[in-house]
Structure formats: C-alpha cells, structure tokens
Amino acid sequence: TASSPASSLTSSSARSPSIQFPLWTQCQKDTRKSRRPYSRYTVTILSWWFHHLPFLTMEEMETVSMLSSLSRQQVKVWWQNRRHSQRGRQAGEADPYTSHIHHLPTHDGVLGQVPEPGTGIRSAVAQDILAFFYARVLPCKGVLQY
C-alpha cells in the first residue's frame, strides 16, 4: 500500500492549482457595500453646520440631513465621528475640516453660546442659523458646487 490517505491528499492538491473557497465567503464579498466617501459639497455643508452647532437635536439633524442629502443616521454618525476626532486632536493641531468652510460666511451671533436643546431659545437660534444659511451661505457661487 504505497498510497496512503495523506499522500493522496497532497497529490490531489498539487494537481489542482485553483483553491475553492467556501460559498459563504463569496456571498459576503458580493453583498458588502463599498465605502462611499462624501462629496466635498456634503462635507462643506456638514462642517459649516458643525461649526455652528456641535450638538444637534432631532429636528436639527433632520434639517441638516435634508440640506446634505444624507439620512438622519448618516448625519448623526458623522457628528459623532467629528466630535471624537476633535477630542483626539492635540491643542495646537489644525482642524482638517475648517479648510472646507474658511471661505464661507459664518453666523457669529451664537458661536460658543448655543443654548441647551429643548429650550425655546434653542429652536429660535437654530431657525436663525437656518435663515442665515439660506440667505448668505447657499448663494455663494462656486463654493457649494457638487
């Protein structure tokens, strides 16, 4: 008996150079969504709003999602990631997102003093910022292009 089970295994694998992977790995590869980075337009809108409102209420999230053509969940995750990256940055390190908005007008009336969510003042401030965005930021030609 020169042919043992071990030798037949090595000889059969040596004959077939292509290795077959289990079907479940191929299915996972086919169904997984590819990473889709946001456009410069979307990041500009998100960054501008984050500059003014580092924390969003549900209504503000809905507004930003409508303006940026993203889902509310995507806006929420982007905000969380942005706050996390901001906390991890060193004191003198530049913010990589400010390059998207340095040429846009900012609503200076509320920076650093945004009222707590749930107050009537907060919703009035958010409406004021939204009006400013429509009146002064969106009309900027060449800035917010797709």
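Conventions we followed
Residue positions are counted from 1 within each chain, in the order its sequence is given. Local features in this predicted model are restricted to residues of pLDDT 70 or higher, and side-chain atom pairs are both shown and tallied only at a pLDDT of 80 or more, whereas totals for entire chains, interfaces and linings draw on every residue. As a rule here, side-chain values cover all heavy atoms of the structure and leave hydrogens and water aside. Secondary structure elements are defined from DSSP: runs of H or I of at least 4 residues count as helices, runs of E of at least 2 residues count as strands, and each element is numbered from the N terminus. Salt bridge, as applied in this entry: a Lys or Arg side-chain nitrogen positioned within 4 Å of an Asp or Glu carboxyl oxygen. Each residue is placed in one exposure class: buried if its accessible area under a 1.4 Å probe, protein chains only, is under 20% of its type's maximum, exposed if it is over 50%, and partly exposed if it falls in between. An axis is simply a line fitted to the C-alpha atoms; with a helix, the fit covers only the stretch in contact. Between two such axes, the angle follows the N-to-C directions and lies from 0 to 180 degrees. Roughly parallel covers angles under 35 degrees, roughly antiparallel covers those over 145, roughly perpendicular covers 65 to 115, and oblique covers all other angles. Residues are treated as being in contact if the distance between any of their heavy atoms lies within 4.5 Å. Under the scheme applied here, ten amino acids are nonpolar (Ala, Val, Leu, Ile, Met, Phe, Trp, Tyr, Cys and Pro), four are charged (Asp, Glu, Lys and Arg), and all others, including Gly, are polar. Cavities and pockets are found on a 1 Å grid laid over the protein atoms alone: a cavity is a set of points where a 1.4 Å probe fits but cannot escape, a pocket is an open set with protein on both sides within 12 Å along at least five of seven lines, and a lining residue has an atom within 4 Å of such a point. Grid points are joined across faces, edges and corners, and a volume is the space filled by probe spheres set on the points. Only buried Ala, Val, Leu, Ile, Met, Phe, Trp, Tyr and Cys residues count toward a nonpolar core, and they belong to the same one when joined by side-chain atoms within 4.5 Å. This arc is taken over the directions from the axis of the helix to the C-beta atoms. Per-residue confidence from the prediction method is given by pLDDT, with values spanning 0 to 100. Each helix crossing is assigned a hand: it is left-handed if the near helix lies turned anticlockwise from the far helix by less than a right angle, otherwise right-handed if that turn is clockwise.

Student: Before we move on, could you go through unusual backbone geometry and cite the residues and values that matter?
Tutor: Of note, Ser69 is a non-glycine position whose phi angle comes to about 60°, a positive value. On the secondary structure map, Ser69 appears in the loop between α4 (58-68) and α5 (72-88).

Student: Could you give an account of the pattern of salt bridges, naming the residues involved and the relevant values?
Tutor: Side-chain pairs of opposite charge can arise where the charged atoms are in close proximity. Taken as a whole and assessed by the stated rule, the structure comprises 2 salt bridges. A salt bridge links Glu60 to Arg122; the shortest N-O distance between them is 2.7 Å. Linking Glu60 in helix α4 with Arg122 in helix α6 (residues 120-137), this pair joins segments that are 62 residues apart in sequence. Take Glu60 and Arg122: they sit in the same class, and that class is buried. With its nearest N and O atoms 3.3 Å apart, the salt bridge here joins Glu62 to Arg72. Separated by 10 residues along the polypeptide, Glu62 in helix α4 and Arg72 in helix α5 bring together distant segments of the chain. Assessed through its relative accessible area of 28%, Arg72 is described here as partly exposed.

Student: Give me the packing of α4 against α5: which residues, what numbers.
Tutor: Direction vectors running N to C along α4 and α5 enclose 105°, while the axes themselves pass 8 Å from each other. One element, α4, and the other, α5, form an angle in the roughly perpendicular class. From α4, Met58, Met61, Glu62, Val64, Ser65 and Ser68 reach across to α5, where they touch Arg72, Val75, Lys76 and Trp79. The residue inventory of the contact of α4 with α5, partitioned by class, reads 5 nonpolar, 2 polar and 3 charged.

Student: Lay out the layout of surface pockets with the relevant residues and their values.
Tutor: In this structure, the largest pocket spans a volume of roughly 180 Å³. Taken together, 13 residues line the largest pocket, and the ones lying closest to its centre are Thr57, Glu59, Glu60, Ser123 and Ala126. Mapped by element, the contributors of at least two residues to the lining of the largest pocket are α4 and α6. If one sorts the elements of the lining of the largest pocket by residue count, α6 sits on top with 5 residues.

Student: Tell me about the nonpolar core, and name the residues and values.
Tutor: One broad rule of soluble globular proteins: the nonpolar side chains tend to lie buried together. Of all hydrophobic cores here, the largest spans 23 residues; its most connected members are Trp48, Trp49, Val75 and Trp79. Listing elements by their share of this core, those giving two or more residues are α3 (40-52), α4, α5 and α6. Leaving out residues up to four positions away in the same chain, Trp48 has contacts with Ile101, Leu104, Pro105, Thr106, His107, Ile129, Phe132, Phe133 and Val137.

Student: Help me get a handle on α4, residues and values and all.
Tutor: Every buried residue belonging to α4 is among Glu60, Met61, Val64, Ser65, Leu67 and Ser68, and all of these are buried. The buried residues of α4 occupy an angular sector of 165° when the element is viewed end-on, so they sit on one face. Opposite its buried face, α4 presents the exposed residues Glu59 and Met66, each directed more than 90 degrees away. The inward-facing, buried residues of α4 contact α3, α5 and α6.

Student: Summarise the confidence of the model for the chain; cite the residues concerned and give the values.
Tutor: Per-residue confidence for the chain gives a mean pLDDT of 76; residues scoring 70 or more make up 69%. The lowest-confidence element of the chain is helix α1 (residues 5-15), averaging 53 in pLDDT; the highest-confidence one is α4, averaging 93.

Student: Which residues make up the packing of α3 against α6, and what values go with them?
Tutor: Running from amino to carboxyl end, α3 crosses α6 at an angle of 135°, the nearest separation of the two axes being 12 Å. By the criterion of interaxial angle, the relationship of α3 to α6 is oblique. Remark: the crossing between α3 and α6 carries right-handed chirality. In this structure, α3 contributes Ile45, Trp48, Trp49 and His52 to the contact, and α6 contributes Ile129, Leu130, Phe132, Phe133 and Val137. The residue makeup of the contact of α3 with α6, split by class, is 8 nonpolar, 1 polar and no charged.

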